Amino acid sequence: MGQTANQSLDISVPKVRREKIPEAEASDLKAEIKELLRRRKALLVAHYYTDEEIQILAEDTGGVVSDSLEMARFGHRSEAKILVVAGVRFMGETAKILNPEKTVLMPEIEANCSLDLGCPPDKFQALCNEHSDRTVVVYANTSVAVKAKADWMVTSGSAVDVISYLRDKGEKILWAPDKYLGDYVQKKTGADMLMWNGSCVVHEEFKARELQNMRRLKPHAAVIAHPESPAGVLCQADYVGSTTGLIDFVKRTEAEEIIVATDKGIFRKMELVGAGKKIIAAPTAGKSATCRSCAECPWMAMNSLIGLRNILRNLEPQITVSKDLAESALLPISRLLDFAESRRQVVFGNNDA
Ligand code: 13P
Ligand code: SF4
């Protein structure tokens with residue numbers, strides 16, 4: 001692990017709670033949501049980790065199910081005046097920053113992310129002040145206030161390319177907030193990176209030793225992992241990449257069984273593209289496991305049909321970002337989008353292990 005710059009913060013993690021709605025009621029809710037989306041000319045933009053029924057609603061109504069960056073780009077490209085972002089807080093904020101003129105809503109405004117919560121803007125500012133000689137690169141999973149202090153924003157699929165580019169220019173990096181993703185990128189690029197000590201509570205729970213045992217029992221299975229997972233898991237993976245990258249791997253691999261270290265919400269898409277390939281959850285259990293999430297992001301799970309229906313009925317509360325912060329945060333986001341465009345290649349989701 002590279003050098004980390006601070007103590008990790010203790011994050012309070014909500015329990016994964018999912019609403020249990022009788023089938024007839026759920027079916028009425030879905031019909032009302034479809035009607036409201038149509039009447040309001042709103043677009044539903046959902047992350048792969050959300051519940052299956054929300055993903056299906058997005059697909060059936062002209063919206064999209066994708067990774068965090070494509071969610072932002074899709075909302076930006078669309079003509080819709082109202083975007084409903086089913087995901088977590090930073091995704092809604094990024095949509096608002098890129099589309100200040102649009103109304104941005106979320107089914108659950110309290111849905112956050114341990115990486116965002118673990119990187120308070122004031123503490124982060126103090127670190128930036130101490131290391132003003134370093135280029136500040138932050139992961140997309142951060143608050144708008146943290147992005148506003150950064151030179152670059154990156155996503156899981158673009159981090160290696162951006163850091164290689166900065167390394168070639170001789171720049172030293174201040175990286176935040178995910179220490180595991182940072183460590184992975186540092187090993188890939190050899191860049192000089194000082195790391196914030198943050199982590200994703202979901203991916204942190206994948207267990208290296210239990211994964212080794214599982215691989216012994218399934219010697220022909222491929223292993224794939226999101227780079228927010230610990231190094232002991234990543235070093236066993238045949239492929240490491242963004243959520244979109246992981247789905248693409250499932251599509252193209254010849255392996256019949258694939259062990260997957262990321263949130264289980266993505267299994268729906270993997271099973272759809274996998275044409276019968278078996279998708280197996282990587283182990284989160286074991287002697288040292290606390291199993292706070294068991295491969296289910298508790299904040300993503302807050303997105304519910306009732307929340308979705310209510311937000312479309314009331315159009316409140318909206319995601320708001322102050323003009324000053326939005327202008328500052330737009331800079332690192334635009335740098336990434338321009339970088340990707342200038343390379344004229346798909347830099348997202350391309351991190352072969
Ligand atoms: P992606 O950008 O790969 O969709 O990841 C977002 C995320 O929160 C992973 O935990
Ligand atoms: Fe954040 Fe982890 Fe949830 Fe992704 S899975 S939104 S990184 S807590």
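The structure reproduced in this document is the subject of the present report. Note that the structure is a prediction, hence the values are computed from the model and not measured.

1. Description of the site of ligand 2
Around ligand 2, the surrounding shell holds 14 residues, and the nearest of these are C113, S114, C200, V202 and C297. Per-class residue counts for the shell around ligand 2 are nine nonpolar, three polar and two charged.

2. Side note on helix α8 (residues 159-168)
Of the positions making up α8, those classed as buried are A159, V160, D161, V162, I163 and L166. Those residues of α8 hidden inside the fold are in contact with β5 (135-139), β6 (152-154), β7 (173-176), α9 (179-189) and α15 (323-343). After α8 finishes, the residue G170 shows a positive phi value of roughly 80 degrees.

3. Description of the sheet that holds strand β10 (residues 239-240)
Spatially, four strands are ordered β10-β9-β11-β12 in an open sheet, and the strand pairing comes out parallel. The outermost strands of the open sheet, each flanked by one partner alone, are β10 and β12 (278-281). Taken together, the four bridges between strand β11 (residues 257-261) and β12 define a ladder with parallel strand orientation. Bridged to E257 within β12 is K278.

4. Some points on the site of ligand 1
Residues in close proximity to ligand 1 include D67, S68, L69, N141, T155, S156, C200, H226, E228, S242 and T243, which together make up its full environment. Here the shell around ligand 1 is built from residues that sort into two nonpolar, seven polar and two charged.

5. Side note on the sheet that holds strand β2 (residues 64-66)
The parallel open sheet is built from four strands, whose spatial order is β2-β1-β3-β4. Strand pairing shows two members of the sheet lacking a second neighbour, β2 and β4 (103-105), which therefore form its edges. Across the sheet, the axes of successive neighbouring strands diverge by a mean angle of 20 degrees, strand direction being ignored. In this sheet, strand β3 (residues 82-86) lies alongside strand β1 (residues 42-47) in parallel orientation, the contact comprising five bridges. By the bridge assignment for β3, V45 is matched with V85.

6. Some points on helix α3 (residues 68-77)
Where α3 is concerned, the buried positions are S68, L69, E70, M71, A72 and G75. Where α3 is buried, its residues meet β1, β2, β3, α4 (89-98) and α12 (243-252).

7. Some points on the nonpolar core
One finds L44, V45, V84, V85, V137, I163 and I224 to be the most contacted residues of the largest nonpolar core, which totals 105 residues. What V85 contacts, discounting residues up to four positions off in sequence, is V45, M71, M91, G92, A95, V104 and M106.

Rules used in this analysis
Residues numbered from 1 in each chain as written. Chains lettered and ligands numbered in written order. Predicted model: local features only at pLDDT ≥ 70, side-chain atom pairs only at ≥ 80, totals over all residues. Near = placed C-beta within 6 Å. Nonpolar A, V, L, I, M, F, W, Y, C, P; charged D, E, K, R; others polar. Buried ≥ 20, exposed ≤ 12 C-beta atoms within 10 Å, placed from the backbone. Helix = DSSP H or I, 4+ residues; strand = E, 2+ residues; numbered from the N terminus. Contact = placed C-beta atoms within 7 Å. Pairing = 2+ DSSP bridges. Axes fitted to C-alpha atoms, helices over the stretch in contact; angles between N-to-C directions. Core = buried A, V, L, I, M, F, W, Y, C linked by C-beta atoms within 7 Å.

Function cannot be read off these values alone, since they describe shape.
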